[in-house]
Amino acid sequence: MTARINPATAIWIAGLGLFAALVGFLAATEPKLAIAAAIAAAFVLIVIVDLAAGLAVFGFFSFLELLQLGSAVSVGKLGGVLLGVGWLAFVMTREDAKSDFLSVHPGISTLLGLFLSWVALSALWAESTGAVTSSLWRYVLNAVLFLIVFSAIRTRRQAVMVIGGFVAGATAA
């Protein structure tokens, strides 16, 4: 009898193979971007395996905003996006992550939603809607960080790890 690969595993293997091929091609053309892609992939894996460790790594790199990867992309922004993707994977795959911030703290969640709505509505009377949109996205990302931190920190050890990441980042900066 031959062993069969289930479709989900085959998709993961194909995706990883494609990613490896793209990073290999990138290494030949732009080595710095290939290194950044490999680090980003490692970061996402850290977040999926241990969300608190990923948050600590994000805390460290958030202090290094002076490292620009492009004209508008910084290490902090890229790390935030990758942290969000990893957090989504964490929440979707872990049964213990189902108690979320919104259901545990409905009052604060409502205030947060009202605040974001107020910022969005302020675009109606603002002189510069671009500035409002920029601020809105920054506040939305900060609100998502509430959800991520709530999911990540459950024990004292995790809290110390995340605080250590922030302290190390501040020291390195």
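Bear in mind that the values here come from a model prediction, so they are computed numbers and not experimental data. The numbers attached to residues start from 1 for each chain and follow its sequence in the written order. Local features in this predicted model are restricted to residues of pLDDT 70 or higher, and side-chain atom pairs are both shown and tallied only at a pLDDT of 80 or more, whereas totals for entire chains, interfaces and linings draw on every residue. As a convention, hydrogens and water are excluded, and side-chain values are obtained from all of the structure's heavy atoms.

One finds Phe43, Leu51, Leu55, Leu83 and Ile148 to be the most contacted residues of the largest nonpolar core, which totals 17 residues. Helix and strand definitions here come from DSSP, where helices need a minimum of 4 consecutive H or I residues and strands a minimum of 2 consecutive E residues; each element is numbered from the N-terminal end. Those elements that provide at least two residues to this core are α2 (31–49), α3 (51–62), α4 (75–93) and α7 (129–152). Contact definition: two residues touch when any of their heavy atoms are within 4.5 Å. Ignoring sequence-local partners within four residues, the contact set of Leu51 consists of Ile46, Leu83, Trp87, Phe90, Ile148, Ser151 and Ala152. For this analysis, a nonpolar core means a set of buried residues of the types Ala, Val, Leu, Ile, Met, Phe, Trp, Tyr and Cys, connected via side-chain atoms within 4.5 Å. Only protein chains enter the accessibility calculation, which uses a 1.4 Å probe; a residue whose area is less than 20% of its type maximum is buried, one above 50% is exposed, and one in between is partly exposed.

To continue, consider the packing of α3 against helix α8 (residues 156–172). Two elements in contact, α3 and α8, have axes separated by 7 Å at closest approach and are oriented at 20°. Judged by the inter-axis angle, α3 sits roughly parallel to α8. Crossing hand, α3 versus α8: right-handed. Only Gln158, Met161, Val162, Gly165, Phe166, Ala168, Gly169 and Ala172 of α8 make contact with α3, whose side of the interface consists of Ala52, Ala53, Leu55, Ala56, Gly59, Phe60 and Ser62. Amino acids outside the nonpolar list (Ala, Val, Leu, Ile, Met, Phe, Trp, Tyr, Cys, Pro) and the charged list (Asp, Glu, Lys, Arg) are all regarded as polar, and Gly is one of them. Residue composition of the contact of α3 with α8, by class: 10 nonpolar, 5 polar and no charged. Only the contacting stretch of a helix is used when fitting its axis, a line to C-alpha atoms as for every element, and angles between N-to-C directions run 0 to 180 degrees. Angle categories are assigned with fixed cut-offs, so that under 35 degrees is roughly parallel, over 145 is roughly antiparallel, 65 to 115 is roughly perpendicular, and the rest are oblique. The handedness criterion is simple: a crossing whose near helix is rotated anticlockwise from the far helix by less than a right angle is left-handed, and one whose near helix is rotated clockwise is right-handed.

On to the packing of aromatic side chains. Stacked, edge-to-face and tilted labels apply to pairs of Phe, Tyr and Trp rings (six-membered ring for Trp) whose centres lie within 6.5 Å, assigned for plane angles under 30 degrees, over 60, and everything in between, in that order. Counted according to the given criterion, the structure contains 4 aromatic pairs. Note on Phe60 and Phe61: the rings are 5.1 Å apart at their centroids and 85° apart in plane angle, and the pair reads as edge-to-face. Residue Phe60 is classed as partly exposed on the basis of its relative accessible area of 25%. For the pair Phe115 and Tyr139, a centre-to-centre distance of 5.1 Å together with 75° between the ring planes defines the contact as edge-to-face. Of this pair, Phe115 sits in helix α6 (residues 106–121) while Tyr139 is found in helix α7, placing the two residues 24 residues apart along the sequence. The class for Phe115 is partly exposed, based on a relative accessible area of 37%. If you follow Arg138 out to its NZ or CZ, it ends over the ring of Tyr139, 5.3 Å from the centre. For a Lys NZ or an Arg CZ to count as sitting over a ring, it must be within 6 Å of the ring centre and within 35 degrees of the ring normal.

Here we come to the side chain of Ser109. Looking at the secondary structure, you find Ser109 in helix α6. Side-chain atoms alone can form a polar contact between residues adjacent in sequence; in general such a contact is a pair of N or O atoms within 3.5 Å, and within protein one must be able to donate a hydrogen while the other accepts it. Within polar-contact distance, the side chain of Ser109 engages the backbone oxygen of His105 at 2.7 Å. For Ser109, the contacting residues outside a window of four places in its chain are Phe101 and Leu102.

Next up on the list: the environment of Val140. Examined against the element boundaries, Val140 turns out to sit in helix α7. Classification of Val140 by relative accessible area gives partly exposed; the value is 24%. On a C-alpha basis, the gap between Val140 and Leu116 in space is 7.0 Å, while along the polypeptide they are 24 residues apart.

Turning our eyes to something else, we now look at α7. Helix span, expected: 1.5 Å multiplied by one less than the number of residues in the helix. Taking 1.5 Å of rise per residue, the 24 residues of α7 would be expected to cover 34 Å, and the 34 Å separating its terminal C-alpha atoms lies within 8% of that figure. What α7 keeps buried is the set Val132, Leu136, Ala143, Leu147, Ile148, Phe150, Ser151 and Ala152.

With 19 residues, α2 should reach 27 Å at 1.5 Å per residue; the first-to-last C-alpha distance of 27 Å fits that figure. Ala34, Ala37, Ala40, Phe43, Val44 and Val47 are the residues of α2 that are buried. Where α2 is buried, its residues touch α1 (7–29), α3 and α4.

For the rest of this paragraph, the subject is the packing of α4 against α7. To characterise two packed helices, one gives the angle between the axes of the helices and the distance between these axes. Interaxial distance between α4 and α7 falls to 11 Å at its minimum, and their mutual angle equals 50°. Taken together, the axis directions place α4 and α7 in an arrangement best described as oblique. Between α4 and α7 lies a crossing of left-handed hand. Taken together, the residues of α7 that come into contact with α4 (itself represented by Leu83, Gly84, Trp87, Phe90 and Val91) are Leu145, Leu147, Ile148 and Ser151. Grouping the constituent residues of the contact of α4 with α7 by class yields 7 nonpolar, 2 polar and no charged.

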